[in-house]
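Take a look at the letters that make up each chain.
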Amino acid sequence: MMERMHAWGRRAGQATALAGMALLGVFDVLQSGIFVVSGDAGLLAGLWHVGLAVATAVVWLSAWRQGSRRLVVAASVLVLWSLATTLGRFLVTTQPDLFGRWEPRGSPTFWGLAESVGLLGVVFVLARRAPVVPALALVAATGVAVSALPLRVEVTTVHQFFGTVYALLAAGSAAAGMYFRMAATARERQLATVRAQQRAEFARDLHDFIAHHVTGMVVQAQGARYVAERDPARAVVALEQIERAGAETMTAMRRMVGVLRGPDGAPGPDPADGTSDAPVTPLAGLVDLPELVANFSAAGPVPARLHTEGDLDGLPVEVTSSAYRVVMEALTNVRQHATGAGHADVRVSRTPDWLLVRVADDGPGPRPGRTRSRDGFGLLGLTERAEALGGRLTAGPGVDGGWTVDLALPLPGGRDGR
């Protein structure tokens, strides 16, 4: 509804401007007295000039797309029309004297205020919307056309002065159009950067979710294979867990791929409206940690324990979702690399200024020259996310052995989270 009202308002404004330009053109013609002196020929000349003024308004009032070829054609026709009119009026209303100087024939003449305003608007639109190469030529040609308008009356110092003023106004109009063009280009580049950052962020989300669930499914499938012959009941439980993990994986994949594709199959979400062609569900956060830890322990072979401290409600979604992803990545690394670990501890605490997360295990440390991080995004992507939020993430050997992942994220309202 609002879009329709906006469109109607824009059209009403365009119609009002067109009517205003037509009235201004009629005023120019009436003030010239051309009807009294020239009769029917003056009427035709008047209609010609009013039509030219309205044509300039049509060109600069229309909603042209960026790089429009139709704008180039319309502006070219208009500029040729204006220059031909100026040349014809110059030849009709002036004559050379014995010394080669051009003198007026005595007919009442005018150059047209309405057309001047319209051509200056055309210069702005060309600099703002036309393709780069045609814009350069057409802006120059339109500037010449508007600068030559005073010569329709006389070739005197006064009229040459007005022509110079028009040239300066045309240059200012072109500069304004170029400014808005550059501002729009910069904004488009910023939007493209935001889209690329969002795609990279959601790709990391997809990596974190899918890697965690798939790793758990593999471990559970291996366990089910070993217990299938000895204890079929436990194999059924393992298969149910695999099925649930697979369903969660598919949900996460549909969500992330839908966001990555964006509307109409475009690569990436549209930040202007946030829509996509797939339903988007809320990202997992701290409230989902108990289920995450329980599923990790159920999948084995390393049990995990969750410890929380402080009020974890009301945290920003980027903080709680990032903390969840760090815990998920750390537990996935425990499952893959902490061979022989007896347990893993997940600690989440909130202070007035920070959300602190630690995931530690008691397994053997990595061999020299190697780390617990998997190739690819892994903790590296989460480190970038933490730094983007003003926090920090570190991973390394624990004081008492094992491996420790620490995350600190500033909270809004705190001394470090303003």
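Counting secondary structure elements, the protein chain contains 11 helices and 7 strands. When the 418 residues of the protein chain are sorted by exposure, 42% land in the buried category. A separation of at least 24 residues holds for 71% of the contacts in the protein chain among residues at least 6 apart in sequence.

Bridge count for strand β3 (residues 304–309) against strand β4 (residues 344–350) is 6 bridges, and the pairing is parallel. Bridged to A304 within β4 is A344.

The contact between helix α9 (residues 289–299) and helix α10 (residues 317–337) brings their axes to 11 Å, and the two run at 10°. By the angle class used here, α9 and α10 are roughly parallel. Across from L289, L292, N295, F296 and A299 in α9, the residues of α10 making contact are Y324, V327, M328, L331, V334 and R335. Partitioned by chemical class, the residues of the contact of α9 with α10 number 9 nonpolar, 1 polar and 1 charged.

This part is about the environment of R234. Following the sequence through the fold, R234 ends up in helix α8 (residues 232–261). Counting along the chain gives 10 residues from R234 to A224, while the straight-line C-alpha distance between them is 7.4 Å.

Among the nonpolar cores identified, the biggest contains 34 residues, and V327, L331, L355 and L407 are the most heavily contacted of them. Looking at this core, the elements that each hand over two or more residues are α9, α10, β4, β5 (354–361), α11 (378–388) and β7 (403–410). Considering every element that reaches this core, the biggest residue donor is α10, with 9 residues. Once residues within four sequence positions are removed from consideration, L407 is found in contact with S322, A323, V326, L355, L356, V357, A386, R392 and L393. With 28 residues, the next largest nonpolar core counts L71, L78, V79 and V146 among its residues.

On to the pattern of salt bridges. The final tally for this structure, using the stated rule, is 2 salt bridges. We note a salt bridge from D345 to R305, for which the minimum N-O separation is 2.9 Å. Within this pair, whereas D345 is found in strand β4, its partner R305 is found in strand β3, the two being separated by 40 residues in sequence. One salt bridge connects D406 with R358, and the closest N-O pair in it is separated by 2.6 Å. With D406 in strand β7 and R358 in strand β5, this residue pair connects regions lying 48 residues apart in the sequence. By relative accessible area, which is 41% here, R358 ends up partly exposed.

Conventions adopted
- Residues numbered from 1 in each chain as written.
- Predicted model: local features only at pLDDT ≥ 70, side-chain atom pairs only at ≥ 80, totals over all residues.
- Heavy atoms only, no water.
- Helix = DSSP H or I, 4+ residues; strand = E, 2+ residues; numbered from the N terminus.
- Buried < 20%, exposed > 50% of the residue type's maximum accessible area, 1.4 Å probe, protein only.
- Contact = heavy atoms within 4.5 Å.
- Pairing = 2+ DSSP bridges.
- Axes fitted to C-alpha atoms, helices over the stretch in contact; angles between N-to-C directions.
- Parallel < 35°, antiparallel > 145°, perpendicular 65-115°, else oblique.
- Nonpolar A, V, L, I, M, F, W, Y, C, P; charged D, E, K, R; others polar.
- Core = buried A, V, L, I, M, F, W, Y, C linked by side-chain atoms within 4.5 Å.
- Salt bridge = Lys/Arg side-chain N within 4 Å of Asp/Glu carboxyl O.

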